[in-house]
Amino acid sequence: MRYVYLVLFFVVVLTVGVLGFRGSISTRPPLEVFPDMDRQSKYLPQDVSPFFADGRTDRPIPAGTVARGDLREDPHFYAGRSPGGDFVAGFPTDLTLDRQFIDRGRERYEIYCTPCHGSLGNGRGIVTNYGWGGPASLHIDLIRNQPEGEIFNTITHGKNTMFSLGDKLVPEDRWAVVAYVRALQRSQNGRVADVPASHQGDLN
Ligand code: HEC
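A brief structural summary.

Secondary structure summary: the protein chain contains 8 helices and 0 strands in total. When the elements of the protein chain are put in sequence order from the N terminus, they spell out α-α-α-α-α-α-α-α. Dimensions of the protein chain, computed from the C-alpha atoms along their principal axes, are close to 110 × 65 × 25 Å. Considering the protein chain as a whole, with its 204 residues, one finds that 25% of them fall into the buried category. Summarising the internal contacts of the protein chain: among those between residues at least 6 apart in sequence, 45% fall at separations of at least 24. For the protein chain, the separation between the mean place of its 22 positive charges and that of its 23 negative charges on side chains is 9 Å.

Only His117 (NE2) and Met162 (SD) from the protein coordinate the iron atom of the ligand, and they sit 1.9 to 2.1 Å from it. In this structure, the iron atom of the ligand is coordinated by 6 donor atoms arranged in octahedral fashion, with angles at the metal of 88 to 179°. Here the residue His117 occupies a position in helix H4 (residues 114-117), and Met162 occupies one in the loop between helix H6 (148-157) and helix H7 (171-187), the gap between them amounting to 45 residues. What makes His117 buried here is its relative accessible area of 12%.

About the thresholds
- Residues numbered from 1 in each chain as written.
- Predicted model: local features only at pLDDT ≥ 70, side-chain atom pairs only at ≥ 80, totals over all residues.
- Heavy atoms only, no water.
- Helix = DSSP H or I, 4+ residues; strand = E, 2+ residues; numbered from the N terminus.
- Buried < 20%, exposed > 50% of the residue type's maximum accessible area, 1.4 Å probe, protein only.
- Contact = heavy atoms within 4.5 Å.
- Lys, Arg positive; Asp, Glu negative; His and termini not counted.
- Charge placed at Lys NZ, Arg CZ, Asp CG, Glu CD.
- Donors = N, O, S within 2.8 Å, 3.2 Å for Na, K, Ca; no water.
- Tetrahedral: all angles 85-135°; square planar, octahedral: opposite > 155°, others 65-115°.

Dropping the structure here:
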């Protein structure tokens, strides 16, 4: 019987010892079994340092420093916008809009856009077989009348329920997709007058 009381006593002491002081405030530092390098002698961003004359840990960029990688200075090419921030109609002039470019756009379109917008661009991609009616038809007037820069922007950042594809397509490929979207739009809105006069007779 004595042992039962003894065991009970230790259980009570252990329970209170471990759980009883949870949440209470102490001025003494906690016991750290694994400190995990929590405290290091290092400078944090925007900290103060007596070491430098201006008292800042952040060092100013030396004059004449050249940015590494891409400066992304051209707002038309990288954002589809004018310097004033409006969407630009037309393609950046350093791109060559040839067959190869459109083919590249078609290939990228069929990988990244077809599942939702369909290979015709009519918004009936495979996802609609599974109950999602969301994807827009690319042949509606709204999108046909949008400046190229706006479509580029939709690809870069997404729109409402369409996620962004900026991380999947480099800017040049995004422009190629825009070119292919334009080609699709033409294909679905052809008129007799678009056919060369010499071939109009072949239509029936
Ligand atoms: C996950 C499905 C999905 C994918 C992939 C997708 N879209 Fe969309 N897209 C949508 C949906 C949904 C909308 C309608 C968004 C809304 O509610 O306005 C849309 C809208 C658009 C619009 C119209 C935006 C506007 O101004 O209303 C364009 C243009 C467009 N998509 C182009 C593309 C292109 C080009 C690609 C491939 C690079 C692509 N989308 C890939 C789902 C998708």
